[in-house]
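Chains, contacts and geometry: an overview
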Amino acid sequence: ASIGKAERHIERKNRNYENRNVDLSRTPLNIHFKDCDDLTYQAHLDKLVEQGAISLRGLKKDAKLFDEMIFDVNSAYFEKKGGYEYAKRFYEEAYRFAEEEYGTENIVSAVMHADELNTALTEQLGHPVYHYHLHVVALPVVDKEIRWSKRCKDPALVGTIKEVVHQISHSKKWASQKVIDETGHPQMVKSYSLLQDRFFHHMRDAGYDGFDRGERGSTAEHLAVTEYKVKQEQERLAQIQDATETAKAEAKEYTTKAADARAKAQKAQEQLNAAAPKLKNMENLARRYTNNAERVLPPSGTLESGKAYRERKAIPVFQKLITVLRGLFHEYLDLKEQFNRLNRSYHMAMNKITTLENAFDRVNREKHELASEVENYNTLRRGYGTETIEAEVRRIRDQEATQKRHRQVNRNRFEMDSR
């Protein structure tokens, strides 16, 4: 009864999705390895039944007619291996495995989704990362042998095979199997576990590696999509909170360092400003000595010339002052650069805090919205499990009673006509 809902999701026939990460602008990138043309899944099944390719004989009204297999590997695996192009090759091989399991003629649809964003990995890596996975919808067909009964007129045929029917039977297709364990003792193993073993070895044999098989015998609960999203968002929320606290600590550290660098740069600036007039005076003095060297005379009573006196007394003092002042100037430039570098780091940390706080608020809102959806979902599920089911049971019983009365009336009429 729910195949229509599954079809709308798999074939992207909806306009809105419970999964908020579906990006419909990327839907054209989804890959169909098989589809049922313009038919719906149910219409495709009806066509096969009408053609006699498969049989629904003897099935209950609530029997499972369709199987859905979802092939999936962690998104980081494809991100490391080459992204979209690698995922296409990987899931094309996975589809071949599905053909081996069901038979190509029994597969209704096989489509790789490339339009679902992996939010957590996207935020972690800083660029869009998509959750590539493969949906395969198939019919669980088994070969059922129909044998001649004792009412057969030819005794030689009794018990022999009359015909082989391609019967839909989910329970027989996926019945538990007896296998021999490592100690040599037989034990019953769920067919799904063996299915995962076969898939794992198939992909490894085809040359794909770098991933592990799922945990054997896991009792992890399968969550509804909405419940799973709430759990995922809660985990992401905790990660963002931790990252925000770390960023705040880094920003505080940068603030302290920037203030210290600012004080040192200010002190160097003051020293430079105080020394600047002396530098200017010394430059003027040097220029005067250089241009008018012949006018600078040594003290009376000495044998030195004016040039020798200038070189011995004035210029060394000038050069020493120049060296000191230049050292102060370079120290100032170094401190200023240190201050600018720390200031940039401080602003980067503050921007990171703002981004994380915005992400925190957004995820928190989404978490509350999803939690509300889960509550509505659980309310509906609880309601469906009590009054609705009882009403449905009464309706079916009344319908069966009415049909039984009609059959009795028709039988009585037939008997009257016969008399």
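In case you missed it, the structure is sitting above this.
Residues numbered from 1 in each chain as written. Predicted model: local features only at pLDDT ≥ 70, side-chain atom pairs only at ≥ 80, totals over all residues. Heavy atoms only, no water.

Overview of the pattern of salt bridges
- Tallied over the full model, the rule gives 10 salt bridges.
- Among the salt bridges present, the one from Arg-198 reaches Glu-101, with a minimum N-O distance of 2.8 Å. With Arg-198 in helix α7 (residues 191-205) and Glu-101 in helix α4 (residues 84-102), this residue pair connects regions lying 97 residues apart in the sequence.
- Look at Glu-101 and you get buried, because its relative accessible area is 14%.
- Where Arg-213 meets Asp-197, a salt bridge forms, and the shortest distance between an N and an O atom there is 2.5 Å. One end of the pair, Arg-213, is in the loop between α7 and α8 (225-291); the other, Asp-197, is in helix α7, with 16 residues separating them in the sequence.
- Judged by relative accessible area, which is 15%, Asp-197 ranks as buried. (Salt bridge = Lys/Arg side-chain N within 4 Å of Asp/Glu carboxyl O. Helix = DSSP H or I, 4+ residues; strand = E, 2+ residues; numbered from the N terminus. Buried < 20%, exposed > 50% of the residue type's maximum accessible area, 1.4 Å probe, protein only.)

Describing the sheet that holds strand β3 (residues 107-113)
- Taken in spatial order, the four strands of this open sheet run β1-β3-β4-β2, and their pairing is antiparallel. On the outer flanks of this sheet lie β1 (31-34) and β2 (67-72), each paired with one strand and no other. Averaged over all pairs of adjacent strands, the angle between strand axes in this sheet comes to 15°, irrespective of strand direction.
- Sheet topology note: the β3/strand β4 (residues 133-138) ladder contains six bridges and is antiparallel. Bridge pairing in β4 places Met-112 opposite Leu-134.
- Packing of helix α1 (residues 3-10) onto the sheet brings it into contact with β2, β3 and β4, and relative to β4 it is tilted by some 145°.
- Where α4 meets the sheet, it contacts β1, β2, β3 and β4, and its direction lies at approximately 160° from that of β3. (Pairing = 2+ DSSP bridges. Axes fitted to C-alpha atoms, helices over the stretch in contact; angles between N-to-C directions. Contact = heavy atoms within 4.5 Å.)

Quick notes on the nonpolar core
- Among the nonpolar cores identified, the biggest contains 31 residues, and Phe-71, Phe-78, Phe-90, Tyr-91 and Tyr-132 are the most heavily contacted of them.
- Within the residue set of this core, elements represented by two or more residues are β2, α3 (75-81), α4, β3, β4 and α7.
- Among the elements that make up this core, the one with the highest residue count is α4 (10 residues).
- Apart from the residues within four sequence positions on either side, Tyr-132 is in contact with Arg-26, Asp-72, Val-73, Phe-78, Gly-83, Tyr-84, Ala-87, Tyr-91, Met-112, His-113 and Ala-114. (Core = buried A, V, L, I, M, F, W, Y, C linked by side-chain atoms within 4.5 Å.)

Notes on helix α2 (residues 41-51)
- Inspection of α2 places Tyr-41, His-44, Leu-45 and Leu-48 among the buried residues, and these make up the whole buried set. Buried residues in α2, looked at end-on, bunch into an arc of 100°, giving them a common side.
- Just downstream of α2, Gly-52 is the residue with a positive phi angle, here 80°. (Arc of directions from axis to C-beta.)

Notes on the pairing of β4
- Here β4 lies mainly inside the structure; six of its six residues are buried.
- Of the two faces of β4, the one carrying His-133, His-135 and Val-137 and the one carrying Leu-134, Val-136 and Ala-138 are both buried.
- Pairing geometry for β2 and β4, over six bridges, is antiparallel. Residue Asp-67 lies in a different strand from β4, and its bridge partner there is Ala-138.

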